[in-house]
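A look at the structure
Take a look at the letters that make up each chain.
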Amino acid sequence: MEQIVVTGGRALNGSVAVCGAKNAVLKHLVAMLLAPGVHRIDNVPGIADVEIMCRVLEYIGAECHRDGTSLRVEVPGELRPEAPIELVRKMRASILVLGTLLARCGEARVALPGGDDFGSRPIDMHLDGLEALGAHFELRHGVLHASAPGGLRGTEVSLEFPSVGATENVLFGAVMASGRTVISNAAREPEIADLAAALGGMGAHIQGAGTSTMEIEGVGELGPMQHRVVPDRLEAGTYLVGAALAGGDVTVTGCVPAHLRMELRKLGEAGCEIETGDDWVRLVGPGERPNPVDFATLPYPGFHTDMHPQMVALLSLASGTSVITENIYEARFRYVGELNRLGADVITEGQHVIIRGVERLSGCPVDACDIRAGAALVLAGLRADGYTIVANAGHIDRGYQNFVPNLAALGADVRRESVSD
Ligand code: UD1
């Protein structure tokens, strides 16, 4: 098992460059299945989830080759339209192959993902949207058998909620469907706009990406992708919260500040000084304890659910009480008990998190239960007395390349260790 040991008390100073976005690149890889040939994407982060998605693609028949921060993927003419439970369990984003395999092969067999640490996580909107395009689904022994005997046909899809995954699956189904598809109440995340740009480069006709209404005119075939992945706003935001927690002066480079508007606003309310340029954000931490801040997680452009645990770590030291409402995942609270082990005073009431700021945290062993929870606990450790040991650090590797070396380069006293059970 891997663990991260962080000794609190040092400020962070300097600059850190972010990688391409995990939540974009995984979808780009799935999109490649839509066209045979040799695809290439640049600015690919070195994170575990990219490796898992490459395994999904390889299972389906593609070959993936990494060359530094680029990935070359060869997609054959014939695919095996399947994603087994072992891979889907490792990474839920695997279910996005439903739309691409239906579009490309007219059929797909994908294990139903089930729930996870964030709650029940249904995929009903993905299935409703694809059904509207002409797909049929049957669940047999835990596997969704999908078919589109008459091919996929463009139609109007109105999503009940602007789900990122459902928008992507419907988009995949629509780009090669006959006729025109309109997705209303589509997700507006920057990663969706980036996916649409990547698909546009392959020859897809998509308008309105990044807005609530997307219009897709189906085309007969697509060509290989050549694309550079949009910067990771969550990686950028995590380092900024780290600077706010530990104190100091940190510039995050290679990011898109506009993608972090709500998160930066809340960090400003907490007392941080923030300056932005074209592709950088500089944050100077509050000299004293942060101010309490209230917010609700919402679909983009609201405050991102994946920045909630890091922000709670910061607000655990605030000079008052903060209230956060988690609107995306009803059960995203496993990390709260771990944060309280460090001395935080956080309680949950339904989907609300009530954080009574404390004067200090004190280091102890804690468990990283998921990617962002793990990152949040390491950041809390930067400000805790003594040392904090974050177990199950492998979770953090799913979403952050060089997390520990990057924090160390900014001045943190942090190291990684392998331990036997
Ligand atoms: C979510 C994030 C996305 C991030 C991704 C990876 C939001 C809105 N989405 O996307 O920004 O890139 O995690 O961390 O912040 N739901 C249904 N039925 C469905 C699909 C979704 O009820 O068919 C519900 C989910 O349970 C959840 C909400 O809708 O409560 C948002 O889900 P969705 O945006 O689809 O989640 P992801 O695609 O995982």
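Scroll up to find the structure this text is about.
Source: prediction; values computed, not measured.

With that settled, the discussion passes to the overall build of the chain. The helix and strand inventory of the chain stands at 14 helices and 24 strands. Relative to the globule expectation of 22 Å for 421 residues, the C-alpha radius of gyration of the chain, 21 Å, shows essentially globular dimensions. With respect to the three principal axes, the spread of C-alpha positions in the chain is 65 × 45 × 40 Å. Counting over 421 residues, the chain shows a buried share of 55%. For the chain, the computed accessible surface area is about 15,700 Å², with 46% contributed by carbon and sulfur atoms. For the chain, the separation between the mean place of its 35 positive charges and that of its 52 negative charges on side chains is 2 Å.

Going through the model one piece at a time under the given rule, you end up with three aromatic pairs. Judged by centre distance (5.8 Å) and plane angle (35°), the rings of Tyr239 and Phe403 are tilted. Here Phe403 lies in helix α14 (residues 403–409) and Tyr239 lies in helix α8 (residues 233–246), a separation of 164 residues in the sequence. Judged by relative accessible area, which is 0%, Tyr239 ranks as buried. An aromatic cluster of three or more residues is present, and its members are Tyr239, Tyr400 and Phe403. The cationic tip of Arg80 hangs over the ring face of Tyr59; the distance from NZ or CZ to the ring centre is 3.9 Å.

The next point concerns the site of the ligand. Close contacts around the ligand come from 17 residues, with Asp124, Met125, Ser163, Asp306 and Ile328 the closest. For the ligand, an oxygen atom lies 2.8 Å from a polar atom in the backbone of Gly165. For the ligand, whose free accessible area comes to 720 Å², the fraction covered by protein is 85%. Mapped onto the shell around the ligand, the elements with two or more residues apiece are α5 (124–132) and α6 (164–174).

Take the sheet that holds strand β22 (residues 365–367) next. Read from one edge to the other, the open sheet built from four strands follows the order β22-β23-β1-β24, with strand pairing classed as mixed. The strands lining the two open edges of the sheet, one partner per strand, are β22 and β24 (413–418). For this sheet, the mean inter-axis angle between neighbouring strands, taken without regard to orientation, is 25°. Pairing of strand β1 (residues 2–7) with β24 involves six bridges; the strand directions are antiparallel. Bridged to Val6 within β24 is Val414.

Examined against the element boundaries, Glu263 turns out to sit in helix α9 (residues 261–269). Not counting chain neighbours up to four residues away, the residues in contact with Glu263 comprise Gly302, Phe303, His304 and Met307.

So, how was this worked out
- Residues numbered from 1 in each chain as written.
- Predicted model: local features only at pLDDT ≥ 70, side-chain atom pairs only at ≥ 80, totals over all residues.
- Heavy atoms only, no water.
- Helix = DSSP H or I, 4+ residues; strand = E, 2+ residues; numbered from the N terminus.
- Rg over C-alpha atoms; globule rule 2.2 N^0.38 Å.
- Buried < 20%, exposed > 50% of the residue type's maximum accessible area, 1.4 Å probe, protein only.
- Areas by Shrake-Rupley, 256 points an atom, 1.4 Å probe, with all protein chains shown as cover.
- Lys, Arg positive; Asp, Glu negative; His and termini not counted.
- Charge placed at Lys NZ, Arg CZ, Asp CG, Glu CD.
- Phe/Tyr/Trp six-rings, centres within 6.5 Å; stacked < 30°, edge-to-face > 60°.
- Lys NZ or Arg CZ within 6 Å of the ring centre and 35° of its normal.
- Near = heavy atom within 4 Å.
- Polar contact = N/O pair within 3.5 Å; in protein donor to acceptor, adjacent residues only side chain to side chain.
- Pairing = 2+ DSSP bridges.
- Axes fitted to C-alpha atoms, helices over the stretch in contact; angles between N-to-C directions.
- Contact = heavy atoms within 4.5 Å.

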